[in-house]
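Residue-level structure breakdown
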Amino acid sequence: MFITRLSLFAGLLFTLLLSCGGSDSQSPEPTEVSFQLFPAGYFSQGFREEYSIVGTSPGGLMLQGTHLELTQAATSFNGQQSNPVRIQNDWTDTNTNQMFSNGSTEYYSTDVDNKTLLGSQDLISSVIGIPTSAAVLPQTAKIGESATYATYMDGAGNVTTLTWALQDAGNNQASLIWASETRDVNSVLLIEGNTSYVINTSGARQSMTILFDVKALADPVSWVGTKI
């Protein structure tokens, strides 16, 4: 049962991811500060960011591995020029020493002022997903702002909604949360999760956390990531 549960988890995980002036005597209110949503150079070929990740669950899962984000050369995707970002996860179940790997390549439009998610391709199955709708991702945002940026529908009619939100993390930093939820044709929640980065005003990431919850398993997995 333990192995079956973790195998299902491996097949689903990660399918789902300038400061304003102020006086020396008083910091600006959080809502007055703008934060870049992506680090400098994120969509340029060769950008690389890697984290050491540790995952646990109430049911006793103990996981350890790495999370990699690597931007590749611009290419055509679904008839449009795109900036592809490879997101790969490799981890081991430390209870059984089983090893797992998964991830996807996310394709973004090349227009800086109209950056949208064009689609993705699974690294293991090579299945391509195209959003049924996609909104422009802003270059910057302020604490308290949020939006839906893409929706997907699969062959069974399940709908996955992707959102971003910016929350206060203290110390002039913000928590940028990339979240997803999948609901069936009756709007029953099947899967939800998020990847959250603590960022500074220039978008540089300090750390990450991940939550992944397949409702049928009733055993949400929480990850903590440290930049390598």
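Residues numbered from 1 in each chain as written. Predicted model: local features only at pLDDT ≥ 70, side-chain atom pairs only at ≥ 80, totals over all residues. Heavy atoms only, no water.

What follows covers the packing of aromatic side chains. Summed over the entire model, instances satisfying the criterion amount to 12 aromatic pairs. For the pair Phe38 and Tyr108, a centre-to-centre distance of 6.4 Å together with 70 degrees between the ring planes defines the contact as edge-to-face. Of this pair, Phe38 sits in the loop between β1 (34-36) and β2 (48-56) while Tyr108 sits in strand β6 (residues 98-109), and the two are 70 residues apart along the sequence. For Tyr108, a relative accessible area of 5% puts it in the buried group. Taking the centre distance of 5.7 Å and the plane angle of 20 degrees together, the rings of Trp91 and Phe100 count as stacked. For Lys115, the ring lying beneath its charged end belongs to Phe43, and the centroid distance is 4.2 Å. (Phe/Tyr/Trp six-rings, centres within 6.5 Å; stacked < 30°, edge-to-face > 60°. Helix = DSSP H or I, 4+ residues; strand = E, 2+ residues; numbered from the N terminus. Buried < 20%, exposed > 50% of the residue type's maximum accessible area, 1.4 Å probe, protein only. Lys NZ or Arg CZ within 6 Å of the ring centre and 35° of its normal.)

To continue, consider the pairing of strand β14 (residues 189-199). Here strand β13 (residues 173-183) runs beside β14; their pairing, made up of 10 bridges, is antiparallel. Note that in β14 the partner of Ile177 across the bridge is Ser196. Adjacent in sequence and paired antiparallel, β13 and β14 are bridged by 5 residues, among which Ser187 carries a positive phi angle near 65 degrees. Relative to strand β15 (residues 205-214), β14 runs antiparallel, the two sharing 9 bridges. When the bridges of β15 are listed, Thr195 appears paired with Ile210. Between the end of β14 and the start of β15, which pair antiparallel, lie 5 residues, with Gly203 showing a positive phi angle near 90 degrees. (Pairing = 2+ DSSP bridges.)

Okay, unusual backbone geometry next. For Asn97, which is not a glycine, the phi torsion comes out positive at approximately 65 degrees. Following the sequence through the fold, Asn97 ends up in the loop between β5 (80-93) and β6. Classification of Asn97 as exposed rests on a relative accessible area of 61%. Backbone geometry at Asn172 places phi at a positive 60 degrees, although glycine is not the residue there. Here Asn172 lies in the loop between β12 (159-170) and β13.

Counting buried positions over the 12 residues of β6 gives 9, a clear majority of the element. Remark: 4 residues form the turn of the hairpin made by β5 and β6, two consecutive strands paired antiparallel; Asn97 in that turn has positive phi of roughly 65 degrees.

Turning our attention to the confidence of the model for the protein chain. Model confidence for the protein chain is summarised by a mean pLDDT of 88, while 86% of its residues fall at 70 or above. Confidence drops under pLDDT 50 across residues 1-30; counting only partners more than four residues distant or on other chains, this segment forms 64 contacts. (pLDDT = per-residue confidence, 0-100. Contact = heavy atoms within 4.5 Å.)

On to the environment of Leu61, then. With respect to the helices and strands, Leu61 occurs in the loop between β2 and β3 (62-71). With a relative accessible area of 3%, Leu61 lands in the buried category. Spatially, the C-alpha atom of Leu61 lies 8.9 Å from that of Asp219, the residues being 158 residues apart in sequence.

By the secondary structure assignment, Ser82 is in strand β5. Not counting residues within four places of it along the chain, the set of residues in contact with Ser82 comprises Ala74, Thr75, Ser76, Phe77, Tyr107, Tyr108, Thr110 and Leu118.

Let us now look at the pattern of salt bridges. Throughout the structure, instances matching the rule amount to 7 salt bridges. Residues Arg48 and Glu50 are paired through a salt bridge, measuring 3.3 Å at the closest nitrogen-oxygen approach. The class of Glu50 is partly exposed, set by a relative accessible area of 23%. A salt bridge links Arg205 to Glu49; the nearest nitrogen and oxygen atoms lie 3.0 Å apart. Of this pair, Arg205 sits in strand β15 while Glu49 is found in strand β2, placing the two residues 156 residues apart along the sequence. As far as burial versus exposure is concerned, Arg205 and Glu49 are alike and both buried. One connected set of salt bridges, linked through shared partners, spans Glu49, Glu69, Arg205 and Lys227. (Salt bridge = Lys/Arg side-chain N within 4 Å of Asp/Glu carboxyl O.)

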